[in-house]
Amino acid sequence: MAVLLCMAIALPATAIAASPSDCARATFAAAAPARCEDFAGLDSAALLARADALRGDDDLSGAGRALACAAPRVLALDDPRAHYELVRRAGILEYGRDRPNEALAAFECALHLADALGDRDAAAKQWKNIGSSLRRIGDYAGAMRALSRSLRMQRERADPAVGPVLNNIADVYRDMEQDEDAERYYRDALRAFRASGDTVQAAHVYDSLSEIAFERGDAATAIALLDDALRALREQGEDHDTAPHSGMRRYRLMLLAGRAHAAIAGNDLAQAQASVEEGLALAAAHALPVPVELQLEAARVERLSGRREAALARLRSVLADGPEAPGSRAALLRETAGTLEAMGRGAEALAALREAHAREVEDLRAQRDRGLAWSNARFNLNESRRRIAEVEAENRRRALMLWLTVVSAIAALSLVSLYFLRHRQRARLAEAARRARYEEALAHYRREADALAEDRRLLQALLDSRGDALALLDAEGQLLAVNRAACALLGEDREALSGRPLSERLPAGEADAFARALEQMEDAQRQILPMALGPDGAVVGVELRPWEHGDGLIVIALHPDAREAGAATTGAEPVAPAPQAPRSGDDDTARFRRDLVELMLAVIEAWESSTGLHRIELAERSRIWSVGIDDGRLRARAMERYLSLSKLPRNPRWRDVLRSAYFVLGHCERLAPEAREALQRRVDGILAMTRRDALA
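Residues numbered from 1 in each chain as written. Predicted model: local features only at pLDDT ≥ 70, side-chain atom pairs only at ≥ 80, totals over all residues. Heavy atoms only, no water.

S.K.: Give me the pattern of salt bridges: which residues, what numbers.
M.R.: Scanning the model with the defined rule gives 37 salt bridges in all. Residue R316 pairs with E348 through a salt bridge whose shortest N-O separation is 3.4 Å. Residue R316 is located in helix 17 (residues 308-320), and its partner E348 is located in helix 19 (residues 346-394); the two are separated by 32 residues in the primary sequence. By relative accessible area, R316 is classed as partly exposed at 42%. Residue E348 is classed as partly exposed on the basis of its relative accessible area, which comes to 36%. Note that R653 and D656 form a salt bridge whose closest N and O atoms lie 2.8 Å from each other. D656 carries the same exposure label as R653, and that label is buried. (Salt bridge = Lys/Arg side-chain N within 4 Å of Asp/Glu carboxyl O. Helix = DSSP H or I, 4+ residues; strand = E, 2+ residues; numbered from the N terminus. Buried < 20%, exposed > 50% of the residue type's maximum accessible area, 1.4 Å probe, protein only.)

Set out below in structure tokens:
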């Protein structure tokens, strides 16, 4: 990726002043052609999102290729906002690669674009990014000016998200060894992060405060602050498997390394070893690379525990991998020297110490070179700008051309705006049409669900035509219809009985027995129970039979004398399978039962995939299936019998299965169209079989 400052210097003055987006084009002008085969079929927006995801997974190389593939498409657009998003991501990527000069160039271009857009929020963020890059280069005065400006802009707009700026200002003070000011700003940042609920950034602040405490010799406070940081990560839920939580696990490894370092400084070797073991176990459990910092602390624990050979082997293995972080190789070499000295190998220890010193000198020179490169680039850029100003002052024609370019850009922007307005209008019309179709389908589902409900007036008329005391229950024991003879026997009028569970009239023990009897009716033809249903608890004979039209309804016949119920013994009477829909033949019945189970399974799958909720939630919200507690956990046992052909009742409640399907179709807006069509086809198949049987 090209460095913005160098490209700006190389361009002619007129090109630099041509438009705000030219700096974005310059950023990618010298980039080598990217291999885009891995991103075939992705548009520019998808490529930017892919770059963000790869960067979140620490795949900086892949993120760079995704940005390089997106750049030609984005820069071909006359869209400063898209250019801003592209260059902003380029700066973040270069910052993550520890290339602060390149990051600074990109952030300054992003600031230029934000100012051109009039977006003060974006400008404030880029001032913050510029300050962070200047701090990394070593220009603390420039970093403080940029960060102070960012903080002022955010406070003028009453922006509550000031935590990152306060944290960066604290970092500058800490680099300048002004720990009191650094700690004050860290505390302010911590309050801001807590107020916004950003526990991950709060963990970063705890980490920084712990380092200050450690540097002043307060190991106990450092450990306590690191424990707060680890607690904040656990509150965020970093044990999930998503990419953001994977990043939090890597940061947790760094915190555990710092905790081990502080424990060693506090002469608490046991606590240090526990922190190291926790970190190594976490890395192994999630296949994470062990950071150099944790490897270093593990080697120190091994050396202090007397396992010097293991410590030396670990250090040499890490050094062989070639750690790239600034200062990491020097720290590993110094620990290697200490381990060798403890083993009595003085000559080797001295050689390792010399190599560590040489590496530290190289790191300091690299930091100095970055500062010199930045200063040189800044000087060249200022000289280039001075020449540009002179050329513009002498050449009015170029100013006129610039004015014409601006007018053309405004016209083009107006056309683009008109196009997007028309596009949005068409999109709104399409959405309105889609919504109307959805509402029409929803009304259809509700009509179909209502059509499945039994007509209580018809049921009542059928029962009233009988002289014996009869009532009709649903599968949950709720009274749907009661004839006159049953009302007289029970001693209450019809309005007081209809719609109420029959179990309300029973003592607790009999209510449990009645519930079990109802559950057994799905596989039984007849049951006889004595129950205290009469006035003043009088015992009457209760005979339960399946409703002759199927559908899982139950007819109860009430006898004043329990002996009149029929059999001398009470209980379930299993007989040949009761009538069930459809009844036109054994093959049709078997197919119907299989299709009914497949429909119920499809209903459960559609519910769980579109809502993310458990089947228990479906049972509770639809109010079709009862939910009870079994062995300390919620279960919908009646519904679960319809998920297996071997457990399907002899008298299946097929209407309840259809009602469940219509509930899912009517309430799951996120159900995929193909899944909705497949579910509707299964419903139509069940309805066709029941209607064919009715005609037969």
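On we go.
S.K.: How would you summarise the pairing of strand 5 (residues 554-559) if you had to cite specific residues and measurements?
M.R.: Counting buried positions along strand 5 gives 6 out of 6 residues, so the element sits mostly inside the fold. On strand 5, burial covers both faces: I554, I556 and L558 on one face and V555, A557 and H559 on the other are all buried. Sheet topology places strand 4 (residues 540-546) next to strand 5; 6 bridges connect them, and they run antiparallel. Across the sheet, L544 pairs through a bridge with I556, a residue of strand 5. (Pairing = 2+ DSSP bridges.)

S.K.: Any details on the packing of aromatic side chains? Residues and values, ideally.
M.R.: For any two aromatic rings, the description comes down to two numbers: the centre-to-centre distance and the angle of the planes. The full count for this structure, using the stated rule, is 4 aromatic pairs. For the ring pair W607 and F663, a centre distance of 6.2 Å and an interplane angle of 40° mean the geometry is tilted. Linking W607 in helix 25 (residues 586-611) with F663 in helix 28 (residues 654-667), this pair joins segments that are 56 residues apart in sequence. On the basis of relative accessibility, which here comes to 3%, the residue W607 falls in the buried class. Overall, the relative accessible area of 15% leaves F663 in the buried class. Arranged with centres 5.2 Å apart and planes meeting at 55°, the rings of W625 and Y642 form a pair that is tilted. Taken together, the residues span a long stretch of sequence, with W625 in the loop between helix 26 (615-622) and strand 7 (628-630) and Y642 in the loop between helix 27 (637-640) and helix 28 at a distance of 17 residues. With respect to burial, W625 and Y642 carry one shared label: buried. Over the ring of Y95 we find R136, and its NZ or CZ is 4.1 Å from the ring centre. (Phe/Tyr/Trp six-rings, centres within 6.5 Å; stacked < 30°, edge-to-face > 60°. Lys NZ or Arg CZ within 6 Å of the ring centre and 35° of its normal.)

S.K.: Provide a residue-level description of helix 7 (residues 100-117), including the pertinent values.
M.R.: When the terminal C-alpha atoms of helix 7 are compared, their 25 Å separation across 18 residues agrees well with the 26 Å that a helix rising 1.5 Å per residue should span. Across the 18 residues that make up helix 7, a large majority, 14, are buried. (Expected span 1.5 Å × (residues − 1).)

S.K.: Describe the state of the cysteines, and please don't skip the residues or the numbers.
M.R.: If you walk through the whole model with that rule in mind, you get 2 disulfides. Each bonded cysteine of the chain is numbered by sequence order, and under that numbering the disulfide pairs are 1-4, 2-3. (Disulfide = S-S within 2.5 Å.)

S.K.: Run through a nonpolar patch on the surface, naming residues and quoting values.
M.R.: On the surface, a cluster of nonpolar side chains totalling about 490 Å² of accessible area is made up of L400, M401, W403, L404 and V407. For W403, the location among the structural elements is in helix 20 (residues 396-452). (Patch = residues over 30% accessible without salt bridge, like charges linked within 9 Å, V, L, I, M, F, W, Y side chains within 5 Å. Areas by Shrake-Rupley, 256 points an atom, 1.4 Å probe, with all protein chains shown as cover.)

S.K.: Explain the environment of S609 residue by residue, including any values.
M.R.: With respect to the helices and strands, the residue S609 is situated in helix 25. Only 3.3 Å separates the side chain of S609 from the backbone oxygen of A606, close enough to count as a polar contact. (Polar contact = N/O pair within 3.5 Å; in protein donor to acceptor, adjacent residues only side chain to side chain.)

S.K.: Can you break down the packing of helix 10 (residues 163-175) against helix 11 (residues 179-196) residue by residue, with the values?
M.R.: Closest axis-to-axis distance for the helix 10/helix 11 pair is 8 Å, and the angle between their directions is 165°. As summarised for this structure, helix 10 and helix 11 are arranged roughly antiparallel, according to the angle between their axes. Once helix 10 is placed against helix 11, the crossing between them reads as left-handed. On helix 11, the residues touching G163, P164, L166, N167, I169, A170, D171, Y173 and R174 of helix 10 are D179, D181, A182, Y185, Y186, D188, A189, A192 and F193. (Axes fitted to C-alpha atoms, helices over the stretch in contact; angles between N-to-C directions. Parallel < 35°, antiparallel > 145°, perpendicular 65-115°, else oblique. Left-handed = near helix turned anticlockwise from the far one by under 90°. Contact = heavy atoms within 4.5 Å.)

S.K.: Report on the nonpolar core, specifying residues and quantitative values.
M.R.: With 86 residues, the main nonpolar core has L86, I130 and I169 as its most contacted residues. Sort the elements by how many residues they give to this core and helix 7 lands first, with 9 residues. When neighbours within four sequence positions are excluded, I169 is seen to be in contact with M144, L147, L151 and Y185. Listed in part, the 36 residues of the second largest apolar core include L599, A619, W625 and M639. (Core = buried A, V, L, I, M, F, W, Y, C linked by side-chain atoms within 4.5 Å.)

S.K.: Let's hear about unusual backbone geometry: which residues, and what values?
M.R.: Despite not being glycine, A158 has its phi angle at roughly 55°, a positive value. By relative accessible area, A158 is classed as exposed at 62%. Residue A287 is not a glycine yet carries a positive backbone phi of 55°. Tracing the backbone through its elements, the reader meets A287 in the loop between helix 15 (269-285) and helix 16 (292-304). Note on A287: relative accessible area 68%, which makes it exposed.

S.K.: Describe in detail the packing of helix 16 against helix 18 (residues 328-342), supporting the description with residues and values.
M.R.: Put simply, helix 16 and helix 18 touch, their axes get as near as 11 Å, and they point 10° apart. Taken as axis vectors, helix 16 and helix 18 run roughly parallel relative to one another. Residues V292, L296, A299, R300 and R303 of helix 16 form the contact with helix 18, whose participating residues are S328, A331, L332, E335, G338 and T339. Counted by class, the contact of helix 16 with helix 18 contains 5 nonpolar, 3 polar and 3 charged residues. (Nonpolar A, V, L, I, M, F, W, Y, C, P; charged D, E, K, R; others polar.)

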